[in-house]
Amino acid sequence: MRNENSAFNRSAEPLLDLAALRADTPGCEAVIHFNNAGAGLMPRPVLGAMLDHLRLEAAIGGYEASAARAAEVDDFHASLAELLGTRPGNIAFAASATHAYTKALSAIDFRPGDVILTTRNDFVSNQIAFLALRKRHGVRIVHAPDRPDGSGVDVDAMAALMRAHRPRLVAVTHVPTNSGLVQPVAEVGRHCRELDLLYLVDACQSVGQYPVDVEEIGCDLLTATCRKFLRGPRGSGFLYVSDRALAAGYEPLHIDMHGARWVAPGHYRPVATAARFEEWEFPYATVLGCAAAVRYALRVGLEPIARRTPALAGRLRERLAAVPGVRTLDGGPAPAALVTFTIEGWEAEPFKAALDARGINSALSYREFAQFDFADKEVRWCLRLSPHYYNTEDEVDAVAGAVAELARSAR
Ligand SMILES: Cc1ncc(COP(=O)(O)O)c(C=O)c1O
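As the structure is a computational prediction, the values presented were derived from the model and not from experiment. (Residues numbered from 1 in each chain as written. Predicted model: local features only at pLDDT ≥ 70, side-chain atom pairs only at ≥ 80, totals over all residues. Heavy atoms only, no water.)

The next point concerns the nonpolar core. Core analysis: the biggest nonpolar cluster contains 57 residues, and Phe76, Val170, Tyr199, Leu222 and Phe238 have the highest contact counts within it. At 9 residues, the largest contribution of residues to this core is made by helix H11 (residues 284–300). The residues touching leucine 222, leaving out its near neighbours within four places in the chain, are Leu200, Val201, Ala203, Val212, Val214, Ile217, Phe238, Leu239 and Tyr240. Counting 37 residues, the second-largest nonpolar core is a separate cluster that includes Tyr210, Ala306, Ala313 and Val326. (Core = buried A, V, L, I, M, F, W, Y, C linked by side-chain atoms within 4.5 Å. Buried < 20%, exposed > 50% of the residue type's maximum accessible area, 1.4 Å probe, protein only. Helix = DSSP H or I, 4+ residues; strand = E, 2+ residues; numbered from the N terminus. Contact = heavy atoms within 4.5 Å.)

Looking now at the sheet that holds strand S14 (residues 363–366). The strand order S11-S12-S15-S14 describes an open sheet built from 4 strands, whose pairing is antiparallel. Every other strand in the sheet has two partners, leaving strand S11 (326–328) and S14 as the edge strands with one partner each. Taking the axes of each pair of neighbouring strands and ignoring which way they run, one obtains an average angle of 35 degrees across the sheet. Sheet topology note: the S14/strand S15 (residues 381–385) ladder contains 4 bridges and is antiparallel. In the sheet register, serine 365 faces S15, and the bridge partner there is cysteine 382. Set on the sheet, helix H13 (residues 348–357) makes contact with strand S12 (339–343), S14 and S15; between it and S14 the angle comes to about 165 degrees. (Pairing = 2+ DSSP bridges. Axes fitted to C-alpha atoms, helices over the stretch in contact; angles between N-to-C directions.)

Take the packing of helix H5 (residues 97–106) against helix H6 (residues 124–137) next. Running from N to C, H5 and H6 cross one another at 30 degrees; their axes reach a closest spacing of 11 Å. The pairing of H5 with H6 is recorded here as roughly parallel in orientation. Of the two possible hands of crossing, H5 and H6 adopt the one that is right-handed. Touching Thr98, Tyr101 and Leu105 of H5 are Ser125, Asn126, Ala129, Phe130 and Leu133, all from H6. (Parallel < 35°, antiparallel > 145°, perpendicular 65-115°, else oblique. Left-handed = near helix turned anticlockwise from the far one by under 90°.)

To continue, consider a nonpolar patch on the surface. On the surface, a cluster of nonpolar side chains totalling about 230 Å² of accessible area is made up of Leu47, Leu51 and Leu54. With respect to the element layout, leucine 54 can be found in helix H2 (residues 44–60). Its relative accessible area of 43% is what places leucine 54 among the partly exposed residues. (Patch = residues over 30% accessible without salt bridge, like charges linked within 9 Å, V, L, I, M, F, W, Y side chains within 5 Å. Areas by Shrake-Rupley, 256 points an atom, 1.4 Å probe, with all protein chains shown as cover. Salt bridge = Lys/Arg side-chain N within 4 Å of Asp/Glu carboxyl O.)

As a further point, take the environment of histidine 99. One can find histidine 99 in helix H5. Taking relative accessible area as the criterion, histidine 99 reaches 24% and is therefore assigned partly exposed. Sequence-wise, histidine 99 and leucine 239 are 140 residues apart; in three dimensions their C-alpha atoms are separated by 9.0 Å. Ignoring sequence-local partners within four residues, the contact set of histidine 99 consists of Ala94 and Glu279.

Before going further, it helps to examine the site of the ligand. Neighbouring the ligand are 13 residues, the closest being Thr98, Asp202, Gln205, Arg227 and Lys228. A distance of 2.8 Å separates an oxygen atom of the ligand from a polar side-chain atom of lysine 228. Partitioning the shell around the ligand into residue classes produces 4 nonpolar, 6 polar and 3 charged. (Near = heavy atom within 4 Å. Polar contact = N/O pair within 3.5 Å; in protein donor to acceptor, adjacent residues only side chain to side chain. Nonpolar A, V, L, I, M, F, W, Y, C, P; charged D, E, K, R; others polar.)

Next up on the list: the packing of aromatic side chains. Tallied over the full model, the rule gives 10 aromatic pairs. Arranged with centres 5.7 Å apart and planes meeting at 50 degrees, the rings of tyrosine 63 and tryptophan 280 form a pair that is tilted. Placement of the pair is tyrosine 63 in helix H3 (residues 62–68) and tryptophan 280 in the loop between strand S10 (267–270) and H11, with a sequence separation of 217 residues. What makes tyrosine 63 exposed here is its relative accessible area of 58%. (Phe/Tyr/Trp six-rings, centres within 6.5 Å; stacked < 30°, edge-to-face > 60°.)

Mapped onto the fold, lysine 377 is located in helix H14 (residues 371–377). Apart from the residues lying within four places of it in its own chain, the contact partners of lysine 377 are Ser179, Arg327 and Leu329.

Here it is, written out as structure tokens:
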């Protein structure tokens, strides 16, 4: 039965109470927000947790406020552990997904000739980080080939490369920023586990959109932000570190008094948990906002979210594909809620500005975000529309209608 009194899904019923969810989301009144892959609209409990804490800091002092809210602060780790199927001690707060990712990379003692095996669709900043490691440490970067139908990495070919190169690191982005492609991270993970290879997953666009289980994926390290499909605040992210990686002694290059104990003048000892990847100072209001966002997602339910969100995007993709002059770009049998397309007769910025003027939030991706993917697709730029579960079918149709009108006006 549908729950009429709450925004949350407390039963196995897949329907979400959209009216309540939208009433919980102040931004819904002002815009059609189809930029959840940029930053999701924060629901009231997230905003409330942050504002309350800032008020408390102003009233009693920053250190005193974090002490007073210690249990809620701890819930950052506990809630994410619940979301990802792990324990609080395997989670570290980070200032962004990229911050988490570079901290993780800094823990690996790369030697000249070491191989990083990755994909052609891994996130732009990750690719730049690999190139920087090549420049400084002489690592080799190997990109596994894609399947010819554009449906993502060829896992068999990737597994063969694992056997041939014994990479120091295998790195896969679950859903890239520049398309709705969903990479088979768990299949890759099975090979990594079989061959005992260190495996890092960028789940920035999938956490909050799908159930993401670190055991099922078989990764050692996983990074994401809280601001996208989790609907948390900006300036937040996290790193999952497996027990395996902790026991093997992985620690960030720059470790501080929170991540380690200075046990003797010439000696420090990293703490036992993933806290060794954190720093002493936290933006506590942000941390509390993240915990509220994760609790919110858990209450709404990841299964219903994963049913509704890509389905809404599918409806949008279908409508856009029917518009003359529009070319949709997302590969794979079941793309995520990132709908990317080109439109004839428009340049990137004026097209986005025309959507902005209609109260529709969107984002642009450029060739430099996706050197391999956009070269394959022969595109210089595309527009990205990313709905979330709290968006409506009417909004999807209104957005598709606006794109159709703009396409007509350019012909
Ligand atoms: C797939 C992917 N990975 C990583 C990031 C980087 O996240 P952040 O901006 O929090 O560093 C993004 C951001 O768009 C992303 O889409």
